[in-house]
Amino acid sequence: MKRFSAFLATLALASAGWLLGAPAGASQPTYDITTLAGKVASLRGTAGLQVRFSSFLEEEAEEDAAPLAAPITPTHVLRSPLDATSVAAPAVTVNQDTAGAPQNETAIAVDPNNPRRVVAAANDYTTRAWTCTVAGTPCSALGDGYSGTYVSNDGGGTWCCGNSDPAHLGTLIPGVERLAGGPYDAGGDPALAFDSRGTVYYAGLGFNRTSAPNAVTVNRGSFSGTGGLTWSAPTFINQTTSPSTLNDKEWIAADANASSAFRDRVYVTWTRFLFNPQNGAYVQSPIFFVWSSNGGRTFSAPTQITGNVKYDQGSRPVVGPDGSVYVFFEGSTRLASLNSTYVVKSTDGGISWGKPVAISTVRDSHVLTDTAFRDNSFPAAAAAPNGDLYATWTTMVGTTSTAVYSTSTDGAATWSTPARVFPDAPRVAEGYPVTQPRGGTLTAPAPIAVEEIFPAVDVGSDGRVHFGAYRGSVVSPWQTCAAGPEPPVGRIDCTTLGDFIHNTRLTYAVTDLGATRTVSTHPINTRNGFGGEFFGDYTDLSVGPDGTFHALWTDSNNRQTVVWFYGAQFTPTPINQEDVVTAAGHF
């Protein structure tokens, strides 16, 4: 069974322009777009184009689940003596499973009426580690990437809840994926929003890996008097079985402004990838939009809102204090030499839209130096209480991936020149030198500037802006695997160790554009989990009504014991795995 493990990947638009199709007379390849793998191949095969799905779906399109077998005892488990064994206070692990299942790709939101109530979300692969069976088949062989959700009623100090089997979903959103009572193989790519009355909304994706059905999903969450969180059945948006359409990279916002004419209206955006139904060739990927005025129970007909900017990814809706809706995205017109960060605006609750405004051109982030995980330059954005707007993304500044931001004080009509989010700093080397197994020594590399990826932004009720991002602050040796079984077993078991390589480790930092605070407790090793290739597509940060920021990121410093993993059974094996971690604070 094809494995679904990493969300719809980066949009790196070709600097040479958009050449959609082969020259006249040339033979054109065909693609089986009934499968996720076929759609990925179509995008990759489009001449002159570097649009990619999000990392979530690309990873899922690649791998087969392991065959069932006797318990496996790994020869070697790749790890480093510099890896931690747990996430230390004051940072807090949000997911409560302890069976080595990964979580990644984070969203967080604080109740505007209760600063102690925080809801978080992530891609959650916990079903891949469940020990239960269904009709004699291990749940771990049937599970996949699912929609995870977690709630705290003490300001992020503790989190609820755990899950163990289809009858005890705990932290999993109901009604989307099959083991959670839904129609789809897999789901995730989470986004969260609160309305003004304390209802929380969860947006995600549902899809199959080897057939066409897919949809954008929205669940509505309500709280009991004791703070328990219950989710409604999902509302499916743009549910399709057509191989020529694929929904990707959704996000959600709600109008939480009590004085707005559109109070509590819910807005959802996503990328609609379109393919030629005859040969499977990629055609375009505009941003689509819907709204709901009844708490997400039903939505308006989908509307394309990006005009002639039709080659897009990574949309982010934001609501201003006057009820204006802004949608930020990365995109390009057909013949542009560079892609740009764009914004479109609606002043009537999403009924009509202005033309896209280019905030800045973007040189898409490369894979960070000495890492392997996929990244992107999708924007994040926020509105201040006075209506000022902030957008942030990663772009190449020289040879360095750098988080930048731009502001607008006139309702998105004009924007400031992009400026750095964090001050420049050098990457620090730790753990050198090391002796190579085949002879020789690996010494510390020459210093380079710290690189940044996946920035987030929010603004408090006092107008203070907060940015968060990963920073590639540390480089250390990492021993590779020279030979081992195919994934997913090979994610844990290595039969022959190889040489050491340089490996950039991340820290997570938050700034108010004055002070900068590192909120992660130990450098994060992105080689742990998914072979180092997938660490999510974004991080998130939310500021509560009391001015407290809550940052949420993917971390790999917890060591947990795996028994079942993607249908394969292991002797109990400790591994470092991806978890989602939060920290709160004030400036």
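Residues numbered from 1 in each chain as written. Predicted model: local features only at pLDDT ≥ 70, side-chain atom pairs only at ≥ 80, totals over all residues. Heavy atoms only, no water.

Q: Just to check I follow, could you spell out the sheet that holds strand E27 (residues 419-420) for this structure?
A: The strands making up a sheet associate through backbone hydrogen bonding, with each pair oriented either parallel or antiparallel. If you walk across this open sheet you meet the four strands as E24-E25-E26-E27, and the pairing is antiparallel. Since the sheet does not close on itself, it has two edges, and those belong to strand E24 (380-383) and E27, each with one partner. Here E24 pairs with strand E25 (residues 389-397) via four bridges, running antiparallel. Counterpart to Ala380 in the pairing with E25 is Thr392. (Pairing = 2+ DSSP bridges. Helix = DSSP H or I, 4+ residues; strand = E, 2+ residues; numbered from the N terminus.)

Q: How do you make sense of the sheet that holds strand E35 (residues 540-543) when you look at a structure like this?
A: Strand order in this open sheet of four strands is E4-E39-E36-E35, and the pairing throughout is antiparallel. If you trace the sheet from one side to the other, it starts and ends with strand E4 (92-93) and E35, each paired once. One ladder, built from seven bridges, connects strand E36 (residues 549-555) with strand E39 (residues 579-585); its direction is antiparallel. Bridging across to E39, Thr554 finds its partner in Val580.

Q: Hey, could you run me through unusual backbone geometry in this one?
A: Among all residues save glycine, negative phi is the norm, and among peptide bonds the norm is trans. Cis geometry is adopted by the peptide bond preceding Pro90, which originates at Ala89 and carries an omega value of 10°. Here Pro90 shows up in the loop between strand E3 (63-64) and E4. Residues Tyr432 and Pro433 are joined by a peptide bond in cis, for which omega reads -5°. With respect to the helices, strands and loops of the structure, Pro433 is situated in the loop between strand E28 (428-429) and strand E29 (434-435).

Q: Help me out: how do you make sense of the pattern of salt bridges in this one?
A: Once their charged atoms are close, side chains differing in charge can pair, the charge on each being opposite to the other. One pass over the structure, following the stated rule, counts 16 salt bridges. Of the charged contacts in the structure, one is a salt bridge between Arg178 and Asp185, with a shortest N-O distance of 2.9 Å. Among the residues examined, Arg178 registers a relative accessible area of 44% and is labelled partly exposed. Overall, the relative accessible area of 16% leaves Asp185 in the buried class. One salt bridge connects Arg427 with Asp370, and the closest N-O pair in it is separated by 2.9 Å. Taken together, the residues Arg427 in the loop between E27 and E28 and Asp370 in the loop between strand E23 (357-362) and E24 connect sequence positions 57 residues apart. Accessibility expressed as a relative area gives 8% for Arg427, which makes it buried. If you follow the salt bridges from partner to partner, you end up with Arg128, Asp144, Arg178, Asp185 and Arg209 in one network. (Salt bridge = Lys/Arg side-chain N within 4 Å of Asp/Glu carboxyl O. Buried < 20%, exposed > 50% of the residue type's maximum accessible area, 1.4 Å probe, protein only.)

Q: Would you mind going over the state of the cysteines with me for this structure?
A: By definition, a disulfide links the sulfur atoms of two cysteines through a covalent bond. Summed over all chains, the structure comprises three disulfides. In this model Cys132 forms its disulfide with Cys139; the gap between the sulfur atoms is 2.0 Å. Between Cys132 and Cys139, the disulfide has an S-S torsion of -120° and is therefore left-handed. Across the pair, Cys139 and Cys132 agree in class, each one buried. There is a disulfide in this structure between Cys160 and Cys161, and the S-S distance comes to 1.4 Å. Judged by relative accessible area, Cys160 falls into the partly exposed class, the value being 32%. Here the bonded cysteines of the protein are numbered in sequence order, and their pairing is 1-2, 3-4, 5-6. (Disulfide = S-S within 2.5 Å.)

Q: Can you walk me through the confidence of the model for the protein in this structure?
A: On average, residues of the protein carry a pLDDT of 92, and 92% of them reach 70 or more. A low-confidence stretch, residues 1-26 (pLDDT under 50), is modelled with 151 contacts involving residues beyond four sequence positions or located in other chains. (pLDDT = per-residue confidence, 0-100. Contact = heavy atoms within 4.5 Å.)

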